Amino acid sequence: MEVVIKETYEEMCRAAAEAVASVLNAKPNAVLGLAVGNTHIGLYRELVRMFKEGLLDFSQVTTFNLDEYVGLGKDHPQSQYYFMHENFFKYVNLSPQNIYMPSGTAKNYRAFCAWYEQRIKECGGIDLQILGIGTDGHIAFNEPGSSLGSRTRIKTLSERRLAEIKDLFDEGEELPIYAITMGVGTILEARRIILLAHGAAKADAVAAAIEGPVTSMVTASALQLHRDTIAFLDREAASKLKLFDYYLWVQKKRPGAPGY
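Anyway, here's the lowdown on the structure attached to this text. (Residues numbered from 1 in each chain as written. Predicted model: local features only at pLDDT ≥ 70, side-chain atom pairs only at ≥ 80, totals over all residues. Heavy atoms only, no water.)

### Concerning the pairing of strand β9 (residues 192-197)
At step 1: Across the 6 residues of β9, 5 count as buried, placing the element largely inside the fold.
At step 2: In the sheet, strand β6 (residues 128-131) pairs with β9 via 4 bridges, with the strands oriented parallel. The residue bridging Ile-130 from the neighbouring strand is Ile-194, located in β9.
At step 3: Across 5 bridges, β9 lies against strand β10 (residues 229-234) in parallel orientation. Residue pairing in the sheet places Leu-196 in a bridge with Phe-232 of β10. (Buried < 20%, exposed > 50% of the residue type's maximum accessible area, 1.4 Å probe, protein only. Helix = DSSP H or I, 4+ residues; strand = E, 2+ residues; numbered from the N terminus. Pairing = 2+ DSSP bridges.)

If you want it as structure tokens, here you go:
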């Protein structure tokens, strides 16, 4: 796994946006896997800026989102669809028919999950998957203990996760207990993956995912097995990495490497 450490969140987002742009410039009809979360707002802001400046074109791009809360419709302010629309979709020229998202209101979830997996394959697979990481080291809604070979499915959210999202919902509103999510195995089939993390609260999870053992208790650790993953971190998120200085050294020296 390549590790890129930047001083600030803004620098991290710019670097991640450049990585996305390099894929789209090489393949205008690329398939992107998208993620929701506060960490990604800066990335989407950078991609929107590049689009408005004529540096990116999304007209041929296809997107698949990672997950959605079961029971939430597209208009719910805490739905993943609402987040994507408000922070990205409405600002770029993505074709609506090329936007795929897990449904929080499907009538038959087992059938929908199978269809979602099949649709990814029919579109040629995901060229670039964007990920975040939870404080417990999870990716997407793959809670600790999830199979590292898992596919798109329904997951029961942990009490820890419910406590984290409680304040996002109105007082008295029923919290979503379940989510539909791409599996770890699905994610690992992407040709390239970028992982974003910022802030000291993510430092332990980042260290466990990048330098700890590969384990289902830290589902992000499965990324160590992927052939082309880049972790974009700000200094705080990277602060507990044992090889922190080495990663900075590699960043400095990599441009001079033969064949780079």
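Still more to cover.
### Here we look at the layout of surface pockets
To find leftover empty space, one rolls a probe the size of a water molecule over the atoms.
At step 1: Estimates place the volume of the largest pocket at around 830 Å³.
At step 2: Lining the largest pocket we find 29 residues, and of these Val-36, Gly-37, Asn-38, Tyr-69 and Ile-165 sit closest to its centre.
At step 3: Where the lining of the largest pocket is concerned, the elements lending two or more residues are α2 (38-52), β4 (67-69), α3 (80-87) and α5 (159-165).
At step 4: Looking at the lining of the largest pocket residue by residue, the class counts come to 13 nonpolar, 12 polar and 4 charged. (1 Å grid on protein atoms, 1.4 Å probe; cavity = no way out; pocket = protein on both sides within 12 Å on 5 of 7 lines; lining within 4 Å. Points joined across faces, edges and corners; volume = space filled by probe spheres on them. Nonpolar A, V, L, I, M, F, W, Y, C, P; charged D, E, K, R; others polar.)

### A word on the packing of aromatic side chains
At step 1: According to the stated counting rule, one finds 14 aromatic pairs in the structure shown.
At step 2: Seen in terms of ring centroids, Phe-64 and Tyr-100 are 4.7 Å apart; in terms of plane orientation they differ by 10 degrees. Their pairing is stacked. On the criterion of sequence distance, the pair formed by Phe-64 in strand β3 (residues 62-65) and Tyr-100 in strand β5 (residues 99-100) is long-range, its members being 36 residues apart.
At step 3: Grouping aromatic residues by their ring pairs yields a cluster made of Tyr-44, Phe-51, Phe-58, Tyr-81, Phe-88 and Phe-89.
At step 4: Lying across the ring of Tyr-81, Lys-74 places its NZ or CZ 5.0 Å from the centre. (Phe/Tyr/Trp six-rings, centres within 6.5 Å; stacked < 30°, edge-to-face > 60°. Lys NZ or Arg CZ within 6 Å of the ring centre and 35° of its normal.)

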